[in-house]
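# Chain and residue survey
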Amino acid sequence: MRTPINLIGPIFSAFLLTLSFPKWNLWVIGLFSFVPLFFSFTFTKEIKNKIIFSFIFGIIHFSTLLYWLVYTLTKYGNLNLIISSFLLLLLSSYLALYYVFFFYTNFKLKIFESPTFIKGLFFSLTLVGMEYLRGKLLTGFTWGQLGYILSNFSPLLQLADIWGIWGLSFVCALINYYIFFLLYYFYLSLKSLVNFRFLINNFCFLILFIASLSYGIYKKNYWEKVISQEKDSIRVSLLQGNIPQEMKEKSEIEYSFKIYEKLALSTLKEKPHIIFFPETSFPFFFPYEREPTLKLLAFLDKLTLESKKFDYLPVLVFGTFRLKYKNGDPLVYNSLIVWDGKDFVDLYDKEKLVPFGEYVPLENYLSFLRRITVGLGIVKPGFSKNLIVPSKDKIIKITPLICFESAFSEILRKRLKENPQLIFIATNDAWFGKTSAPYQHFQMAIVRAVEARRYTIQVANTGITGIIDPTGEIIKMSRLEKEEIVYGKIKTFYERTLFVKYGNILGIAGSLILLFSFILTLLPARFLNP
């Protein structure tokens, strides 16, 4: 077949894969989105064309998945549409190279010729390895991992407590390959569907899928029973202030105090044990900006006074920029602070920062990069820790994740080793408006909840704010760009999942196999075929 016709495959696959993610969320098509690309590889003989197809697939998929970056860079980065679009294409081109590397290794090893169960395992494992490398190299970028589409399908979502997001990506990839396997032999002839080789391979695929589904159904029922039997709970209020990002800094501070004071006071009648605020809900440099700091203290005093009417004093967890000095040099942190009604008792400084938002990579060498920075660009990283929160005459340990950190399951896993009882994601997704980014971000929280088997709450300035139970079910969820309070009850659990105990085994194994296999493809043919 001619190359122009084969070019339809990667383009079609790229759009199908993007449509399987929010906000379109047509997740079922993600289970066969790679198939047109596979057939393009099958009908194309030239290696050069296969590499081009891989790159085209990657750049179209990431450009359409991450289109919201153009919105953010144009509106808040003061860049024109042409430059913003160019930067999106630049990032998409970089991310597409991972697919080129991955697909090149697979078609050099003839994974798409005469497909089998073993080849399907190799393809799926190396895809996981590719995603693992993408999350590690050059600060790491894990957005849009294939496995997130299974957040919509509860039975397979439960596998995340064993393998994490990597296991979900593995299953998605294997389903894609299985559909290709069926269509490939159907394309050859109907007779091939009844030969022994086909039947054995088909049986192996089905056994693995049935085992995965059976496990998922069992764990779903098990955790639903655990949740229903647990009587102890804490009441929480999640405040979504819906503060527009484009407000000038001074008016934003005033407006933030006005909105969050109103929301916090109105939630007291529900007697929450803990009130959660979003990331940088009070956007000033605490405690060195005198006027806003005094306003914050006055607000806390007022809240204490008002709470006496209900004979109950809640604990507050709020976000702000924290400023401190070290050797005379100012250091700014994106922080969460715990207030117990009397004092500030704990804090967390964000560990994983957003490049070109909170800091500028290689700033000392490439100063022009500061021009494309959307946020402050001066924030320093903190260190990994959990928050200690007093509540109901006991201490609750909470794992905090701020914004971008919720995209990295390894950050979560590291903190879960201390057996916290709750995951708290604080974010400000106002940067993204009504694009698909807030929906994609919330999708990650669903997977984090199952990986940890903990109740997970996400509190966002403009949405999406919500509560997710340990099975990945959304208990409550706010609307986007609406001022809301989300009320709920959280049950606390301590159980360590296999994912927490043993980590990213699948990701590490997949990356090692991918790298080793790639090296093999570089060897002369006589070494591979003696």
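Residues numbered from 1 in each chain as written. Predicted model: local features only at pLDDT ≥ 70, side-chain atom pairs only at ≥ 80, totals over all residues. Heavy atoms only, no water.

Helix and strand content of the protein: 18 helices and 13 strands. Projected onto its principal axes, the C-alpha positions of the protein cover 80 × 55 × 40 Å. Split into buried and exposed, the 530 residues of the protein put 58% on the buried side. The contacts in the protein between residues at least 6 apart in sequence include a share of 71% that link residues at least 24 apart. Approximately 22600 Å² of the protein is accessible, and the part contributed by carbon and sulfur atoms is 65%. (Helix = DSSP H or I, 4+ residues; strand = E, 2+ residues; numbered from the N terminus. Buried < 20%, exposed > 50% of the residue type's maximum accessible area, 1.4 Å probe, protein only. Contact = heavy atoms within 4.5 Å. Areas by Shrake-Rupley, 256 points an atom, 1.4 Å probe, with all protein chains shown as cover.)

Right, let's get into the sheet that holds strand β10 (residues 455-460). Pairing in this open sheet of six strands is mixed, and the strands run β7-β8-β9-β10-β11-β12 from one edge to the other. Either end of the sheet is taken by a strand with one partner, and the two such strands are β7 (387-391) and β12 (474-477). Looking at each pair of strands side by side, their axes are set apart by 25 degrees on average, direction ignored. By the bridge criterion, five bridges tie strand β8 (residues 394-402) to strand β9 (residues 422-427) in an arrangement that is parallel. Each residue of the ladder has a partner; that of P400, found in β9, is F424. In this fold helix α15 (residues 437-452) packs onto β9, β10, β11 (466-468) and β12, with an angle of close to 155 degrees to the strand it touches most, β10. (Pairing = 2+ DSSP bridges. Axes fitted to C-alpha atoms, helices over the stretch in contact; angles between N-to-C directions.)

Turning our eyes to something else, we now look at helix α17 (residues 505-522). Helix length check: α17, at 18 residues, gives a terminal C-alpha distance of 26 Å against a target of 26 Å (1.5 Å per residue), a fit within 8%. Turning to α17, its buried residues are L506, G507, G510, S511, L514, S517 and T521. Seen end-on, α17 carries its buried residues on one side only, within an arc spanning 135 degrees. Away from its buried face by more than 90 degrees, α17 exposes L512 and F516. Those residues of α17 that are buried lie in contact with α6 (81-108), α7 (117-134), α9 (160-163) and α10 (165-188). (Expected span 1.5 Å × (residues − 1). Arc of directions from axis to C-beta.)

Attention now goes to the side chain of Q158. Within the secondary structure, Q158 is located in the loop between α8 (154-157) and α9. Q158 sits in the buried class, given a relative accessible area of 0%. Here the side chain of Q158 touches R453 through a polar contact of 2.7 Å, side chain to side chain. The contacts of Q158, once residues within four sequence positions are left out, are Y215, G216, K219, K220, V450, R453 and T471. (Polar contact = N/O pair within 3.5 Å; in protein donor to acceptor, adjacent residues only side chain to side chain.)

Turning our attention to the pattern of salt bridges. Throughout the structure, instances matching the rule amount to 18 salt bridges. For E224, the salt bridge is made with K220, and the minimal N-O distance between the two is 3.6 Å. Highlighted residues: E224 and K220, both in helix α11 (residues 196-229), separated by four residues, approximately one helical turn. Assessed through its relative accessible area of 38%, E224 is described here as partly exposed. The buried category is assigned to K220, whose relative accessible area is 13%. With its nearest N and O atoms 2.6 Å apart, the salt bridge here joins D232 to K394. Of this pair, D232 sits in the loop between α11 and β1 (234-240) while K394 is found in strand β8, placing the two residues 162 residues apart along the sequence. (Salt bridge = Lys/Arg side-chain N within 4 Å of Asp/Glu carboxyl O.)

Across three bridges, the pairing between β11 and β12 is antiparallel. Bridge pairing links G466 to M477 in β12. Hairpin connection of β11 to β12: five residues between the antiparallel strands, including G472 at a positive phi of 90 degrees.

Side chains of L19, W24, L26 and Y67 sit close together on the surface and give an oily, nonpolar patch of about 330 Å² of accessible area. Residue placement: L19 occurs in helix α2 (residues 8-19). (Patch = residues over 30% accessible without salt bridge, like charges linked within 9 Å, V, L, I, M, F, W, Y side chains within 5 Å.)

A word on the side chain of S281. Positionally, S281 belongs in the loop between β2 (274-276) and β3 (282-286). Judged by relative accessible area, which is 2%, S281 ranks as buried. The residues contacting S281, other than those within four sequence positions of it, are S256, Y260, F318 and G319.

Shape is all these values report; function is a separate question.
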